[in-house]
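What follows is each chain in one-letter form.
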Amino acid sequence: MPQRTQNAAPRPQRADDGMLVREGLSSQAVAERVELGLTNAASSTTSRSVWAIIRTHVFTLFNLVLGLCAAVIIALGRWLDLLFCLAALSNVVIGFVQEYSAKRQLDKIALLRRDPATVLRDGRSVKIPLEEIVLDDVLLLSRGDQVPADAVVLSADGLDLDESLLTGESDAVLKHPGDRMFSASSVTSGSGAVRVTAVGEKSHASKLANEARQFAPINSELRASLARVVRWLTIALVPIIAVVLNGQMQAAGGWHRALDSGSWQDALVAAVSSVASMIPQGLALMTTISFAVAAVKLARDEVLIQEQPAVEVLARVDTVCFDKTGTLTEGGVSFDAARSLMPPARDDAAGPGGVVGTAAEADAREDVLEPSPEAAAALAWFGADPHANPTAAALAEGFEHPNPAQPVAVLGFSSANRFSGVEFPDTGAWILGAPEVLLAGEERAAARGHAQDLAAAGMRTMVLSHAPHLVMADTGPGEKPRAAQTLPEDLEPQLLLTFSEQVRSDARRTLQYFQDQGIDLKVFSGDNPATVAAAAGMAGMDVSHGAVDASALPEDGDELHRAALEHSVFGRVSPHQKKNMVLGLQDSGRVVAMTGDGINDALALKHADLGIAMGNAAPATKAVSRMVLLDGQFSRLPSVLAEGRKIIANIERVTNLFLTKTGFAVMMGLALGLLAWTFPFLPRQYSTADALMIGIPSFILTMLPNTRRYVSGYLRRALHFALPSAAIVTLCVVGLNFYERTLDPAESTRAFQTASFIVLVLVGLWVLCVGSRPLTAVRLALVLTMYAGLVLVLGVPLSLAYHQFQLPHASLFWAAVAIAAVGSVLVEINFRVHTGWLRRTQPEAFLADERSHEH
């Protein structure tokens, strides 16, 4: 990471730097560098490519299996039996549209940051697009400019640089000729000329961004569990397909007869119907729809979801890490108070040596005073000065009426001397500067110690001093008189001024919410540890042990990982330390979210389970994040957490239904295949049964409110309920087959398929009934509506024709109803056994269910 200038040796200047600073590059030199490709053109990618989004949603195992099934149906010309593909197609389209929309929105945001640069060429200053900067160009920088490429300083006039996007440290760094500077830094005061030393992909910021930009899929438990189920099925499908296909051919009279008579086509369609029903495509669709609806809902609240599972991941997070500057704070300072030079009497609230622990404690001390009118007018002038640095500019918050007199002389701020000044004809000279400069000397040791105590509490401190006149510089004939960079000998300190970080107004409330939810909080900042601790304290975190100085820790290893686990507030953290601390927390089993805005945060955001970028973040940081808070409001996160919890809880509920369906599809296919009995459903019949039992209800259930807290291991819980339920459904359908074959043969294949449909749907709807509990008014209405749907499917002539249904004779019909009733009782027993198992083996999940029911 870039080091502060004070700690790095200046680079030697080249022999031709003197000419460069006067003339810049010639047009010929620029053309030569452009021809060699030595320009600042770099990848402006701010999000995943379209191809990456397509690949994520299209190329899955589950789509491959369904695609092959669809190919068979299309080849046979059975177009009405392709309904099972709609879920898979919808899943792909919805997922792609949502993530592509997020990509377009993010790309538009990034375009707002491409301001032109001023360069010196052929002795003239010109403005050019950033990508047209070439190696060795002379950049002319002034306050407010962002450094577009790595460079070395040629000349500087009080050139201060904000490197917080790269280092996380908010204090400005003074640059001298020969010092290095890095792209993405910003000029906070002064001006200078710099020679470009690295452009494009070779710049420091681009290297960080490129490392961060390497895409890795988000860790979604919902998708991972679904992928695991599909993987198990895919491995088992080859033997299952062989058993099912052979069984259907045998049911058609054997392979030889089926091939000769053409009945192999019906057998193949039955086999496809059986295999397609084994894939939980509806669960994938419901998951995608839930993510997409959440993304649209959160977008209205200025939260951009770049990858669908991001909402779910926040609901699983148990550790939230965040940067200070730009995340916990607003990246600036605010005026706190004017204080007396001498400390008040020590009391018990002070720590050892009189050092208070937090800015709040410092504010409670009885040293605040009201400046004299003359001093207040001078402070207002410093705050209104258009050339004031950010700290002095904050004085405008507390002092609104500058001295109306025209200044006799003005002493500009210098980072080297750390003071500025102004002289008025009526009140004399006023000097504003650092305590260590204006309070030097043994006679002012007590005042200096007081300033140090306030600084240790995280407050920024300045001193206002008074003198009759400023020291004037010697000037040549005809030159305008100007103040010298020298302190007057008769300078008298008047008061201390304290400034505090502008902690985001929503930070305390948001952090308290996370703490109430049992989520561990970590601050990883590149700033001074005392400043970090003060800001964290003002935001409501426990900082009784202070902040850890990460510069004393290794870049990686067990010591760094232990520190990340044991402590909560860190200062002087490098970008790679942030990343490695996140990885260390993950290795310890934590689910980690990381928020930030600077390039220094990009690596940590990329490797966290969930990276969250603030709306004003660097483009590279937003590119690697999974979620962007467009308005930068930290308080958006609780609503995202609530939305994620709703998704996980509702998806777990419908997973019970979908895995039951997948389970009985596999068991039924194997059982009927081994018995060489015809699969009793056409694909269109099975699709309708699926819609009544699962498809339509699951869509409604996933949209309903649910406050259940996340408990890991939902797939195990779902399988514990689903597998016995699937076995019950299979026994009912196979039992009806046995009854029809041995005791009461159907009049036709259509009548038998209709009776099997009745058994399947009635038992499946009782699975829906127990899976929807507690039966609120909405859920009860949903279940009753599905029963009504069954009646309509069997009673409307057009439906009977489409499904090729024929109502069975009375004895077969009542046998189907009786078998379905027995199956429903068995499903009820299984549900009660499952509830008891949860209470014994997973009490946390059981209690979460109970609390959500009460809510």
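The rules behind the values
Residues numbered from 1 in each chain as written. Predicted model: local features only at pLDDT ≥ 70, side-chain atom pairs only at ≥ 80, totals over all residues. Heavy atoms only, no water. Helix = DSSP H or I, 4+ residues; strand = E, 2+ residues; numbered from the N terminus. Buried < 20%, exposed > 50% of the residue type's maximum accessible area, 1.4 Å probe, protein only. Contact = heavy atoms within 4.5 Å. Areas by Shrake-Rupley, 256 points an atom, 1.4 Å probe, with all protein chains shown as cover. Axes fitted to C-alpha atoms, helices over the stretch in contact; angles between N-to-C directions. Parallel < 35°, antiparallel > 145°, perpendicular 65-115°, else oblique. Left-handed = near helix turned anticlockwise from the far one by under 90°. Nonpolar A, V, L, I, M, F, W, Y, C, P; charged D, E, K, R; others polar. Pairing = 2+ DSSP bridges. Phe/Tyr/Trp six-rings, centres within 6.5 Å; stacked < 30°, edge-to-face > 60°. Core = buried A, V, L, I, M, F, W, Y, C linked by side-chain atoms within 4.5 Å. Salt bridge = Lys/Arg side-chain N within 4 Å of Asp/Glu carboxyl O. Patch = residues over 30% accessible without salt bridge, like charges linked within 9 Å, V, L, I, M, F, W, Y side chains within 5 Å. pLDDT = per-residue confidence, 0-100.

A look at the overall build of the protein chain
Then, number 1: When helices and strands are counted, the protein chain shows 32 helices and 21 strands.
Then, number 2: Per-residue burial over the protein chain gives 55% buried out of 855 residues.
Then, number 3: In the protein chain, the proportion of contacts linking residues at least 24 apart, taken out of those at least 6 apart, comes to 74%.
Then, number 4: Only carbon and sulfur atoms are counted for the fraction: they give 58% of the accessible area of the protein chain, which is about 35,300 Å².

Some details on the packing of helix 8 (residues 221–251) against helix 25 (residues 637–675)
Then, number 1: Put simply, helix 8 and helix 25 touch, their axes get as near as 9 Å, and they point 15° apart. Taken together, the axis directions place helix 8 and helix 25 in an arrangement best described as roughly parallel. Note on packing geometry: the crossing formed by helix 8 with helix 25 is left-handed. Of helix 25, the residues touching helix 8 (which contributes Leu222, Val229, Leu233, Ile240, Val243, Val244 and Gly247) are Ile647, Ile648, Ile651, Leu659, Thr662, Val666, Gly669, Leu670, Gly673 and Leu674.
Then, number 2: Partitioning the contact of helix 8 with helix 25 into residue classes produces 13 nonpolar, four polar and no charged.

A closer look at the packing of helix 25 against helix 27 (residues 714–742)
In a pair of packed helices, the angle between the axes and the distance between the axes together describe the arrangement.
Then, number 1: It is at 7 Å that the axes of helix 25 and helix 27 come closest, and there the two elements cross at 40°. The pairing of helix 25 with helix 27 is recorded here as oblique in orientation. Crossing of helix 25 against helix 27: the hand is right-handed.
Then, number 2: Taken together, the residues of the contact of helix 25 with helix 27 sort by class into 19 nonpolar, seven polar and two charged.

Topic: the sheet that holds strand 9 (residues 319–322)
Then, number 1: Strands sit in the order 8-21-20-19-9-16-18-17 across an open sheet of eight strands; the sheet is mixed. Looking along the sheet, the strands with just one partner apiece sit at the ends: strand 8 (303–305) and strand 17 (548–549).
Then, number 2: The pairing of strand 8 with strand 21 (residues 627–629) spans three bridges and is classified as antiparallel. If you follow isoleucine 305 over to strand 21, its bridge partner there is methionine 627.

Topic: the environment of valine 793
Then, number 1: Assignment of secondary structure puts valine 793 in helix 29 (residues 777–795).
Then, number 2: According to the relative accessible area criterion, valine 793 is buried, its value standing at 11%.
Then, number 3: The sequence separation of valine 793 and threonine 688 amounts to 105 residues, and the corresponding C-alpha distance is 8.7 Å.
Then, number 4: Ignoring sequence-local partners within four residues, the contact set of valine 793 consists of Thr688, Leu692, Phe757, Ser799, Leu800, His803 and Phe805.

Digging into the packing of aromatic side chains
Then, number 1: Counting across every chain of the model gives 10 aromatic pairs.
Then, number 2: Between tryptophan 381 and phenylalanine 382 the ring centres are 5.5 Å apart and the planes differ by 80°, which places this aromatic pair in the edge-to-face class.
Then, number 3: On the basis of relative accessible area, tryptophan 381 is assigned to the buried category, the value being 15%.
Then, number 4: What makes phenylalanine 382 buried here is its relative accessible area of 3%.
Then, number 5: Three or more aromatic residues joined by ring pairs form one cluster here, namely Phe335, Phe399 and Phe499.

Some points on the nonpolar core
Then, number 1: Of all hydrophobic cores here, the largest spans 133 residues; its most connected members are Phe322, Met627, Phe757 and Leu760.
Then, number 2: Not counting residues within four places of it along the chain, the set of residues in contact with leucine 760 comprises Phe664, Phe681, Tyr686, Ala689, Met693, Val729 and Val733.

Observations concerning the pattern of salt bridges
Then, number 1: For the structure on display, the rule yields 15 salt bridges.
Then, number 2: Between arginine 121 and aspartate 137 there is a salt bridge; the shortest N-O distance is 2.6 Å. Note that arginine 121 is positioned in strand 1 (residues 117–121) and aspartate 137 in the loop between strand 2 (124–128) and strand 3 (138–142), a separation of 16 residues in sequence.
Then, number 3: Of the residues examined, arginine 121 reaches a relative accessible area of 14% and is grouped as buried.
Then, number 4: Between arginine 832 and glutamate 828 there is a salt bridge whose closest N-O contact spans 3.1 Å. Here arginine 832 and its partner glutamate 828 are both found in helix 31 (residues 810–841), four residues apart, which amounts to about one turn of the helix.
Then, number 5: Residue glutamate 828 is classed as buried on the basis of its relative accessible area, which comes to 13%.

Some words on a nonpolar patch on the surface
Then, number 1: On the surface, a nonpolar cluster with roughly 430 Å² of combined accessible area is contributed by Val822, Val825, Leu826, Ile829 and Val833.
Then, number 2: Its location among the elements puts valine 825 in helix 31.

What to know about the confidence of the model for the protein chain
Then, number 1: With 84% of its residues at a pLDDT of 70 or more, the protein chain has an overall mean of 80.
Then, number 2: Mean pLDDT in the protein chain bottoms out at helix 14 (residues 359–363), which sits at 44, and peaks at helix 29, which reaches 94.
Then, number 3: A low-confidence stretch, residues 109–113 stays under pLDDT 50, and its non-local contacts, those more than four residues away or across chains, total 10 contacts.
Then, number 4: Overall, residues 347–364 carries pLDDT values under 50, and its contacts beyond four positions in sequence, including any with other chains, amount to 26 contacts.

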